[in-house]
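Below, each chain spelled out in residue letters.
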Amino acid sequence: MSFNGASQYGPYVLCGWHLESAIPLPELMPWGESQKLRPEESIRIELQGSPLDDTEDPFTNGEDGISLRVKGVAGFRVNPGADHVTVQPEEGVDPLLLRAYLFGSVLAILCYRRGLFPLHGSCVLLDGKAIVFSGARGTGKSTLATALARRGHPLLCDDVCAIDLSNLRQPMLRPAFPRVKLLRDAIDCFQMGEAVTYSQAAQGLKGHFGVAAIQSVEAIRHAIPLGAVYALDTPGGDQVSRSPLRGKDAFAFIENQAHRGWMGHNLGLHNQLFRHIATVAATVPIYRLDRPRALDRLGEVARLVESAHSAVGTPSGLESREEANLRKECSQ
Amino acid sequence: MTENSLIARREGWIAAWVDESLIMMHAESEFYLNLTGSGSRIWELLESPRSVSDLCEALSREFDIEPDAARPEVLAFLDQLLLRKAIDVRPPAMA
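Residues numbered from 1 in each chain as written. Chains lettered and ligands numbered in written order. Predicted model: local features only at pLDDT ≥ 70, side-chain atom pairs only at ≥ 80, totals over all residues.

With respect to the overall build of chain A
Stage number 1. In terms of regular secondary structure, chain A is built from eight helices and 18 strands.
Stage number 2. Taking all 332 residues of chain A together, 46% fall into the buried category.
Stage number 3. Taking contacts inside chain A between residues at least 6 apart in sequence as the whole, the part at least 24 apart equals 68%. (Helix = DSSP H or I, 4+ residues; strand = E, 2+ residues; numbered from the N terminus. Buried ≥ 20, exposed ≤ 12 C-beta atoms within 10 Å, placed from the backbone. Contact = placed C-beta atoms within 7 Å.)

Structural data, given as C-alpha cells:
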C-alpha cells in the first residue's frame, strides 16, 4: 500500500460521483467514458498510515472535517467540502470489513454533507423505477432484494440508498453498486457459493457475512426515479401482503430508517434532514410488507412486489426455474 | 389564557405536510408533533400572531360551527401546544 496519498484506483462511479481512490474498490463500476465530469461531483479517497490516537472520540465534527473512529477497523475523515476522504486502516484489517464501513457510515456522511438523503435499505430496479426495501437490521432487506435481482431486476444498492431530493416532486435514487451483504443462510439458499467473497473478520457487520456480486447494469451510472419504499419488519405469520403507510406512520418509518440519522443531527443538519424525511414520506408510496419467515416463501414475496410494479407481471401459477430450485433447496 | 390572549408560534419549529398530517419538529430538541384536522389549521392560522377569539372566529367560519362551541376545544388544544413549548401566550396588554 502506498501512503503518499496518490489515488491510483478508479475512476469509479458511486452515487453519480466521480471517485478516485488509493484503495481498490472492486464493488464499484468504472466511470463511464461518456459521463460528463463536473468538478463539484468529484471525490478522492486517500490513505494515511500514521498511527491512530486511541483516545479519539468515535465521532467528531470539527474544523478539519468529520472524523469517525471504528475500533479494530480504521479511522475515517471527511473534509469540510466532502470531496476528500482520508482512511487510516488498522494493521491487518479485513479489506471487506473496511469497505463495509466506507460504503456504510462514511457514505452516509458524504450524503448528508452533499445534500442527499441516505435511507437505510436495499434497492432494485423494477420497470424503470427504484424500489427500496428498508427496515431495521435482520429484517431481510438484502435477502429480498437479492431474490428480485435473481429474477432479473438489477440490484442498485445495499445498506445506503442515496436519495436526491433536488426535485421535490420526484425523488431520485442515485445507485451505488450491485453487491449485497448476506448472512450465511441466505447465501446457501441462493446457492451463490462462487459469487461470494467472505469476510475474514470473525465478527463481520452481519455476524459472519459474505458479499455477493450481482451483475451490474448501465443504470448504476444514472439517477433513477424512486418508485416505492417497502417497510420491512421481522418476518412472521403466514400472509404475504402489503398495505400503505401514510401520514405520521410513513414519516416515523422514514425518520427511523435515515441511515445513521443521529449523525445528520450531529452535523447540525436538522432542517435538511426533516425536509428530506417529510418529502420522501409525502411523495413516495410507502408500504408495509407482511410475509412469513420461511425462506422457501421468498419467491411468493418477490412475485407480489414484482407484479405490483411491473407493467407486465409474471402470470401467477408460473414459477421460474430458478424459483423452483430455490424452493427445493430451501425446504431441505 | 383568555379570549383576548395573543397567541404566537415559538421560534425553532419547522413543519411539513405528509398526507393529511402536519408533522412538526423542534429542531434543537428533535421533538416531534403530529397535527391533524383543525389542529393543523390552527397552526397555519398562527402564521402571524392572533388572539384566541380571532382564532375561534376563523375556525367557526371554516368548520361551520359557532365560535362559542369552538372555544373550549381551541383552548384545550392551545394548552397542549403551550405545554409542548410550541407557542407563546401573551397577555392582551402586550398585544
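This is not the end of the story, as more comes after the structure.
Quick notes on the interface of chain A and chain B
Stage number 1. If you look at the interface, chain A gives 13 residues, while chain B gives twelve residues.
Stage number 2. Among the elements of the structure, helix H4 (247-256) and helix H6 (270-283) of chain A are those that each provide at least two residues to the side of chain A that touches chain B.
Stage number 3. Sort the elements by how many residues they give to the side of chain A that touches chain B and H6(A) lands first, with seven residues.
Stage number 4. Of the residues belonging to the side of chain A that touches chain B, the class tally is six nonpolar, four polar and three charged. (Nonpolar A, V, L, I, M, F, W, Y, C, P; charged D, E, K, R; others polar.)

Quick look at unusual backbone geometry
Stage number 1. Geometrically, the link from Gly10(A) to Pro11(A) is a cis peptide bond, its omega value of 0° lying close to zero.
Stage number 2. Structurally, Pro11(A) can be placed in strand E1 (residues 9-14).
Stage number 3. Its identity is not glycine, yet Glu30(B) carries a phi of approximately 55°, on the positive side.
Stage number 4. Judged by C-beta crowding, with 14 C-beta atoms within 10 Å, Glu30(B) ranks as partly exposed.

Description of the domain arrangement of chain A
All names here are of chain A.
Stage number 1. Each domain of chain A was delimited in the assignment, giving domain 1 (1-114) and domain 2 (115-332).
Stage number 2. Each side of the interface is counted separately: domain 1 has 24 residues, and domain 2 has 30 residues.
Stage number 3. Elements represented by at least two residues in the side of domain 1 that touches domain 2 include exactly E1, strand E5 (59-62) and helix H1 (95-113).
Stage number 4. By residue number, the principal contributor to the side of domain 1 that touches domain 2 is H1, which donates eleven residues.
Stage number 5. Of the residues assigned to the side of domain 1 that touches domain 2, the class counts are 15 nonpolar, six polar and three charged. (Domains from an automatic or database assignment.)

Section: helix H2 (residues 52-63) of chain B
All names here are of chain B.
Stage number 1. Relative to the 16 Å expected for twelve residues at 1.5 Å per residue, H2 spans 16 Å between its end C-alpha atoms, a close match to the ideal helical length.
Stage number 2. Restricting attention to buried positions, one finds in H2 the residues Val-52, Leu-55, Cys-56 and Leu-59. All buried residues of H2 lie within an arc of 95° about the axis, which places them on one face of the element.
Stage number 3. Buried residues in H2 make contact with strand E1 (6-9), helix H1 (37-45), strand E5 (50-51) and helix H3 (67-83).
Stage number 4. Following H2 by one or two positions, Asp-64 has its phi on the positive side, about 55°. (Expected span 1.5 Å × (residues − 1). Arc of directions from axis to C-beta.)

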